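Residue-level structure breakdown
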Amino acid sequence: MAEKKRILSGMRPTGPLHLGNWHGALANWVKMQDKYDCFFFIADWHALTSDYEKPGSISGYIYDMITDWLSVGLSPEKSTLFIQSHIKEHAELFLLLSMITPVPWLERNPTYKDQIVELGNKDLSTFGFLGYPVLQAADIIIYKPFGVPVGIDQVPHVEITREIARRFNYLYGDLFPEPEAILTQTPKMLGIDRRKMSKSYDNAIYLSDSPDDIFNKVSRMITDPQRARKSDPGDPDVCNVFDFHKIYTEKETIDNIDKECRSAKIGCVECKKNMAQNLIKSLEPVREKREYYKARPELVEYKISNGIQKARKVARQTMEEVRSALKI
Ligand code: TRP
Ligand code: SF4
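Since this is a predicted model, take the numbers as computed values, not measurements.

**Considerations on the site of ligand 2**
- Neighbouring ligand 2 are the residues T223, D224, R227, C239, V241, F242, C261, C268 and C271.
- Among the cavities detected, the one that contains ligand 2 is the largest cavity.
- Contributions of two or more residues to the shell around ligand 2 are made by α11 (240-248) and α13 (268-294).

**Quick word on the nonpolar core**
- Core analysis: the biggest nonpolar cluster contains 90 residues, and L19, W69 and L97 have the highest contact counts within it.
- Top element by residues in this core is α13. It accounts for 8 residues.
- Composition of this core by domain shows at least three residues from each of domain 1 (6-189 + 297-326) and domain 2 (209-290).
- Leave out the neighbours within four places in its chain, and L97 touches V134, A137, A138, I141, I164 and F168.

**Details of the domain arrangement of the protein**
- Assigned domains of the protein: these are domain 1 (6-189 + 297-326) and domain 2 (209-290).
- Distance between the C-alpha centres of domain 1 and domain 2: 35 Å.
- Contact with domain 1, which involves 11 residues of that partner, is made by 10 residues of domain 2.
- Summed over both partners, the interface of domain 1 with domain 2 buries about 990 Å², with 64% contributed by carbon and sulfur atoms.
- Counting the contacts that link domain 1 with domain 2 gives 2 salt bridges.
- A salt bridge links D68 to R290; the shortest N-O distance between them is 2.5 Å.
- Summed over the shared surface of domain 1 and domain 2, the result is 4 residue pairs in polar contact (both at pLDDT 80 or more).

**A word on the pairing of strand β1 (residues 6-11)**
- Inspection of the sheet shows β1 paired to strand β2 (residues 37-42) by 6 bridges, in the parallel sense. The residue bridging L8 from the neighbouring strand is F39, located in β2.

**Considerations on the site of ligand 1**
- Taken together, the neighbourhood of ligand 1 is formed by 14 residues, with R12, Y132, Q136, D139 and Q154 sitting nearest.
- Here a nitrogen atom of ligand 1 sits 2.7 Å away from a polar atom, N or O, in the side chain of Y132.
- Contacts to ligand 1 include D139, whose side-chain N or O atom sits 2.8 Å from a nitrogen atom.
- For ligand 1, whose accessible area on its own is 360 Å², the fraction buried by protein is 92%.
- Taken together, the elements giving at least two residues each to the shell around ligand 1 come down to β1 and α8 (132-141).
- For the shell around ligand 1, the class distribution of residues is 7 nonpolar, 5 polar and 2 charged.

**Considering the packing of helix α3 (residues 56-72) against α13**
- Contact pair α3 / α13: the axes reach a minimum separation of 8 Å and the direction vectors enclose 135°. One way to sum up the angle between α3 and α13 is to call them oblique. Between α3 and α13 the crossing geometry is right-handed. Residue-level inspection shows D64, T67, D68, L70, S71 and V72 of α3 in contact with α13, the latter providing V286, K289, R290, Y293 and K294.
- Broken down by class, the residue content of the contact of α3 with α13 amounts to 4 nonpolar, 2 polar and 5 charged.

**A few points about the pairing of β2**
- A large share of β2 lies buried, amounting to 6 of its 6 residues.
- Residues D37, F39 and F41 point to one face of β2 and C38, F40 and I42 to the other, with burial holding for every one of them.
- Bridge analysis of β2 against strand β3 (residues 80-83) gives 4 bridges, and the strand direction is parallel. In the sheet register, F41 faces β3, and the bridge partner there is F82.

**Some remarks on the pattern of salt bridges**
- Applying the stated criterion across every chain, the model contains 23 salt bridges.
- A salt bridge links R323 to E92, with the shortest nitrogen-to-oxygen separation between them at 2.9 Å. With a gap of 231 residues between them, R323 in helix α14 (residues 297-326) and E92 in helix α4 (residues 89-100) connect regions that are remote in the sequence.
- A salt bridge links R108 to E163; the nearest nitrogen and oxygen atoms lie 3.3 Å apart. Taken as a pair, R108 in the loop between α5 (103-107) and α6 (110-118) and E163 in helix α9 (residues 155-172) lie far apart in primary sequence, 55 residues in all.
- With relative accessibility at 49%, the residue R108 sits in the partly exposed group.

Calculation notes
- Residues numbered from 1 in each chain as written.
- Chains lettered and ligands numbered in written order.
- Predicted model: local features only at pLDDT ≥ 70, side-chain atom pairs only at ≥ 80, totals over all residues.
- Heavy atoms only, no water.
- Near = heavy atom within 4 Å.
- 1 Å grid on protein atoms, 1.4 Å probe; cavity = no way out; pocket = protein on both sides within 12 Å on 5 of 7 lines; lining within 4 Å.
- Sits in = over half its atoms within 2 Å of the grid points.
- Helix = DSSP H or I, 4+ residues; strand = E, 2+ residues; numbered from the N terminus.
- Core = buried A, V, L, I, M, F, W, Y, C linked by side-chain atoms within 4.5 Å.
- Buried < 20%, exposed > 50% of the residue type's maximum accessible area, 1.4 Å probe, protein only.
- Domains from an automatic or database assignment.
- Contact = heavy atoms within 4.5 Å.
- Buried area = accessible area lost by both parts, 1.4 Å probe.
- Salt bridge = Lys/Arg side-chain N within 4 Å of Asp/Glu carboxyl O.
- Polar contact = N/O pair within 3.5 Å; in protein donor to acceptor, adjacent residues only side chain to side chain.
- Pairing = 2+ DSSP bridges.
- Areas by Shrake-Rupley, 256 points an atom, 1.4 Å probe, with all protein chains shown as cover.
- Nonpolar A, V, L, I, M, F, W, Y, C, P; charged D, E, K, R; others polar.
- Axes fitted to C-alpha atoms, helices over the stretch in contact; angles between N-to-C directions.
- Parallel < 35°, antiparallel > 145°, perpendicular 65-115°, else oblique.
- Left-handed = near helix turned anticlockwise from the far one by under 90°.

Here it is, written out as structure tokens:
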């Protein structure tokens, strides 16, 4: 059998995982495990670029995140799962890449400009924050993947990674393949207030939420904003609850709701209850696994330790090649 092609992606441990993370990224990673040689890691150094003032909370989030990953079906038997800060080689490559990365490439990065505005309450005028994409480039190319599954917001970072790899190859000889961003279709899913689901907006439903939490949050979800009363016909096409139904509810029921909403036969309260039940049911196996792993931190530690060793081996090998290309 031909060797599987390698992909790699990372996630910053900035809080507990929510449904947006699950359906937007993780579900996709889980599917890719059979097709590719997958490297997935927790980007804890990257979390520090914006949260350097409260490093304490990051370590807790790391273990929560691994637990969530295992619970949704990422498997250390199939994939290489690891933690960035355990592989010091990323930092060495970051340093060397920083020598050859022109500052204007970083300053014109749209994600950089957006984040400075969006996270206006934090002082992000640091060297580390500007250099974020260089660290990300090091994370990626050190494993020489052909592709990087990411959301659309990360595409500029993958683009800078390609430019840095190209520049390295030009200066020191061909060593790094230029990785592609792999964009996958993901279902539409907004927070309960119809903005992007995000921890910082306080509008997210978490994998760790109890059934009661979920009922409560779903009951507060904004539906078709034009529909004030049950007797008004609704429009499922603009309703966030309906988008959730598309993920958690059977096709036949969805078709019914579509009709009954438009003809004002079903009310939003009932419709939400129905959706919340299906959502809770689909989270049930995740919740069970989560509890299992939560109670066994040593097992979680063990599961990640193999991945760390495997990643380290690959990273060390690449760094030998890098040092030799640079004659150091
Ligand atoms: N910047 C990514 C994010 O915020 C996280 C990340 C760090 C990453 N290093 C990476 C993603 C390498 C893909 C590949 O989501
Ligand atoms: Fe949305 Fe359901 Fe209300 Fe229609 S009945 S507006 S689909 S919540």
